[in-house]
Structure formats: C-alpha cells, structure tokens
Amino acid sequence: MVKEKPYLKIKDHSVSGEEFELIENSEFGFLETHPQPSKEKLPDYYQSEDYISHTDTKRNLFEKAYHLVRTFTLNKKLSLINSYVSKTSEEKKLLDIGCGTGDFLQTAQKNDWIVSGIEPNNDARTIGNQKTNDSVFNIEHLLEFKDHSFDIITLWHVLEHLPNLEEHVNLLKKLLKPEGRIIIAVPNYKSYDAKKYKEFWAAYDVPRHLWHFNKMAMSKLFSKVLMKVEKIRPMWFDAFYVCLLSEKYKTGKMNFIKGFLNGFISNFKAIGSKEVSSLIYIIKNN
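Residues numbered from 1 in each chain as written. Predicted model: local features only at pLDDT ≥ 70, side-chain atom pairs only at ≥ 80, totals over all residues. Heavy atoms only, no water.

## What about the overall build of the protein?
- Broken down by element type, the protein carries eight helices and eleven strands.
- On C-alpha atoms alone, the protein measures out to a radius of gyration of 18 Å, which is about the 19 Å that the 2.2 N^0.38 rule sets for 286 residues.
- Structurally, the protein occupies a C-alpha span of about 50 × 45 × 45 Å along its principal axes.
- A burial count over the protein gives 49% of its 286 residues as buried.
- Partitioning the contacts of the protein with sequence separation of at least 6, the portion at a separation of at least 24 is 70%.
- One way to put it: in the protein the 41 positive side-chain charges average out to a point 7 Å from where the 37 negative ones average out. (Helix = DSSP H or I, 4+ residues; strand = E, 2+ residues; numbered from the N terminus. Rg over C-alpha atoms; globule rule 2.2 N^0.38 Å. Buried < 20%, exposed > 50% of the residue type's maximum accessible area, 1.4 Å probe, protein only. Contact = heavy atoms within 4.5 Å. Lys, Arg positive; Asp, Glu negative; His and termini not counted. Charge placed at Lys NZ, Arg CZ, Asp CG, Glu CD.)

Here it is in structure tokens:
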C-alpha cells in the first residue's frame, strides 16, 4: 500500500478515545486508517456493548429501530442475491463474510440456499450457528473452502474491517465461481453526511474501519484482479442510522429529530449524484 496525503484526524468515539489519522492512498484513492492496530490488538476495539451487529439485544428505541429496519433489509438482500442465480438452479451457494449473528444466512437458508458464514466474534458466531445449523465458521476457515465454490459472496459492511486488503480481494476472487458475483456494502465518505459531520461522522468508525471507500477506489481495487463493478445501488436507510450516531458523537446525546433530518437531507442531495451514506457494489467475476 502506498500511503501519502493526510486527509483528516478522527477519534475513536465508541471504545478507546484514541486518535487516528486518515491518509489517502495514491494507488487506489481510498482512505487508510493510520496507524492500524496490530492483529493481536484489533479485537480489543470491538469490546463494546454498543456494537449491535454482534448481538440480538433490543435495549432501547435505537436498537429496536435498528432491528426493525434489519428485518426489512434482509428481504431486500435476499431478492438481490436471487436475481443473480437461475431459478432452475439445483444448487446455489452463498458465502457471507462477517455474518454477525447469522440473520441473513438464516433468511437465505430458508429460501433454498446452501449457506456458509464467516464470523470472527465468538459470541456472534455462537448465535449464528444456532440459527443456521452450524454453518458459521471462524475466519481461518476461509482457507479451507475449495476454489470456485460460491455463486455469491456477500460482505455487508465488512470489507472496511479486513486487514491485508489486497490479499482478501484475491482470495474472494479465488473462492467465487466463474460468472459469480461479490456483493459488497461499504460506507461512502463522499456522501453529504460525511462532509457535514467530518471528524464526527460515525461511519469512519476508526480503528475498526481500516479502509474508507469511494466509487473510483472500489473500481480500481477490483479491476486489479480482473473483476468489474457491474452495478452500484444506494442504501437509503444507512444515512439515518449514521446521522443519529454522528449527532451523539458530536453533541454527546442522541438527537433523533436532528439526526433524521440530516439523514433525509443527505439522501435528498444524493438523488442526482447517488453519493449516499452507504453503497452496495455488485462485482462480477470475469
């Protein structure tokens, strides 16, 4: 990786309070979190009850709203992956990396997908296995899958967490069937809400987010392994979630009215540019 131009200084608002810097990568154009935690220390930054993708808790209105939206989006995700396989296919295989507590895998499994999940968090993996008949594995299991095993590989807000980025991209291509798709959701630091909240933008989430992407960076990253960004789709709900958290980081309290208003404004401004808070990239194997 080539590190060059400083972009912004960011504080870890949710766990450590430490300060990190975002540096622009001159080869691909994404931002890198610097310094990046060691492999041994990185899990410590996930030790927070507020990291709700690792739990099924519904302790407050915010978490209840999160899970309500998640139920809606699960069906949208299922429709998306179904659109890229033949209806007559006897065997359709899905790998969901960073599957959390396994809700998406469970939804796909109930709809005739043969599923596998990767989840490094022990507690989340245990919950996921209860939902999917033990279909969730630790990250080391990625190396045990056969080449060209999967029709679809999904990473829902996961790619930004993965160390050794280029190595993982190469591995994803290796595991994907010819003509298969990788579907990746990541925050978009070119969005209105990112520019408005700056160092308080919750989707920077340093140092858990090691990389911060834009459209051009994603295209360059996957073209290097001869894969093409086939389509980009918006994730409209993310702006509201991110703006609510950003308000909390900026003011110290969850301002629902202001958070939702800024989420609406961000989405409205993105209608023409498509620069929403988070984007889904459908990437085709060649």
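## A short note on unusual backbone geometry
- In this structure, proline 35 follows histidine 34 across a cis peptide bond, with omega equal to -5 degrees.
- Tracing the sequence through the fold places proline 35 in the loop between β3 (31-34) and α1 (61-82).
- The omega angle of the peptide bond from valine 206 to proline 207 is -5 degrees, so this bond is cis rather than trans.
- Here proline 207 shows up in the loop between α5 (192-197) and β9 (211-212).
- The phi torsion at glutamate 179 lies on the positive side, around 70 degrees, for a residue other than glycine.
- The topology assignment puts glutamate 179 in strand β8 (residues 176-187).
- Using a relative accessible area of 48% as the deciding quantity, one classes glutamate 179 as partly exposed.
- Residue lysine 274 is not a glycine yet carries a positive backbone phi of 65 degrees.
- With respect to the helices, strands and loops of the structure, lysine 274 is situated in the loop between α8 (256-273) and β11 (278-285).
- Residue lysine 274 is classed as partly exposed on the basis of its relative accessible area of 45%.

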